[in-house]
Amino acid sequence: RAWRKSFSSKSEKTDLNAGISICEKHTYTGSIDCKVETKDDIYLFELKRDETAADVLSRFDSKDYALPVMADFRKPINIVVAFDSRTRKLAGWKDQ
């Protein structure tokens, strides 16, 4: 998990023009890599390396990461981003 540290500090909160960003948001089934709240939506990001975005998205659903924000009036949007460690590039992404 050392590669995650380049993206964020644990539990770092940042006030953005878009809203509030919380990294490493812990849930009862694991942790969400990043949660960004805007006026109308809540974006839940999962960042992985050497996995397909489709595989990560299905696991994202099975862990119920969006469950803690379901009571909020804003729409949760799940976004997974996959990186390739060999090429050191974006391998793919999916949203739901």
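This report concerns the structure included in the present document.

### Structural notes on the overall build of the chain
Right, on to step 1. Within the chain, the secondary structure is distributed over one helix and six strands.
Right, on to step 2. Here the chain, with 96 residues, has 39% of them falling under the buried criterion.
Right, on to step 3. The contacts of the chain with a sequence gap of at least 6 include a subset with a gap of at least 24, amounting to 43%.
Right, on to step 4. Only carbon and sulfur atoms are counted for the fraction: they give 52% of the accessible area of the chain, which is about 6300 Å².

### Side note on helix H1 (residues 53–62)
Since one α-helical turn is 3.6 residues long, residues separated by three or four positions face the same way.
Right, on to step 1. Looking only at H1, the buried set comprises Ala53, Val56, Leu57 and Phe60. Relative to the axis of H1, the buried residues are bounded by an arc of 100° and lie together on one face.
Right, on to step 2. Lining the buried residues of H1 we find strand E4 (41–49), strand E5 (75–84) and strand E6 (89–95).
Right, on to step 3. Two residues or fewer after H1 comes Asp64, characterised by a positive phi angle close to 55°.

### A look at the side chain of Glu46
Right, on to step 1. For Glu46, the position within the fold is in strand E4.
Right, on to step 2. At 3.2 Å, the side chain of Glu46 forms a polar contact with the side chain of Lys48.

### Here we look at the pattern of salt bridges
Right, on to step 1. Within this structure, the stated rule accounts for four salt bridges.
Right, on to step 2. One salt-bridge network, held together by shared partners, links Lys35, Glu37, Asp72 and Arg74.

### Structural notes on the nonpolar core
Right, on to step 1. By size, the foremost hydrophobic cluster in this structure holds 12 residues: Ile32, Ile42, Leu44, Ala53, Val56, Leu57, Phe60, Tyr65, Ala66, Val69, Val80 and Ala82.
Right, on to step 2. Going through the elements one at a time, E4, H1 and E5 are the ones with two or more residues in this core.
Right, on to step 3. Among the elements that take part in this core, H1 stands out by supplying four residues, more than any other.
Right, on to step 4. Setting aside its immediate chain neighbours within four residues, Val80 contacts Glu46, Ala53, Val56, Leu57, Phe60, Gly92, Trp93 and Lys94.

### Concerning the environment of Val69
Right, on to step 1. Its place among the elements puts Val69 in the loop between H1 and E5.
Right, on to step 2. Owing to a relative accessible area of 8%, Val69 belongs among the buried residues under this scheme.

### Description of a nonpolar patch on the surface
Right, on to step 1. Taken together, Tyr28, Leu67 and Met70 make up a surface patch of nonpolar side chains, about 360 Å² in accessible area.
Right, on to step 2. If you trace the backbone, Met70 turns up in the loop between H1 and E5.

How each quantity is defined
- Residues numbered from 1 in each chain as written.
- Predicted model: local features only at pLDDT ≥ 70, side-chain atom pairs only at ≥ 80, totals over all residues.
- Heavy atoms only, no water.
- Helix = DSSP H or I, 4+ residues; strand = E, 2+ residues; numbered from the N terminus.
- Buried < 20%, exposed > 50% of the residue type's maximum accessible area, 1.4 Å probe, protein only.
- Contact = heavy atoms within 4.5 Å.
- Areas by Shrake-Rupley, 256 points an atom, 1.4 Å probe, with all protein chains shown as cover.
- Arc of directions from axis to C-beta.
- Polar contact = N/O pair within 3.5 Å; in protein donor to acceptor, adjacent residues only side chain to side chain.
- Salt bridge = Lys/Arg side-chain N within 4 Å of Asp/Glu carboxyl O.
- Core = buried A, V, L, I, M, F, W, Y, C linked by side-chain atoms within 4.5 Å.
- Patch = residues over 30% accessible without salt bridge, like charges linked within 9 Å, V, L, I, M, F, W, Y side chains within 5 Å.

These figures come from the coordinates and say nothing about function on their own.
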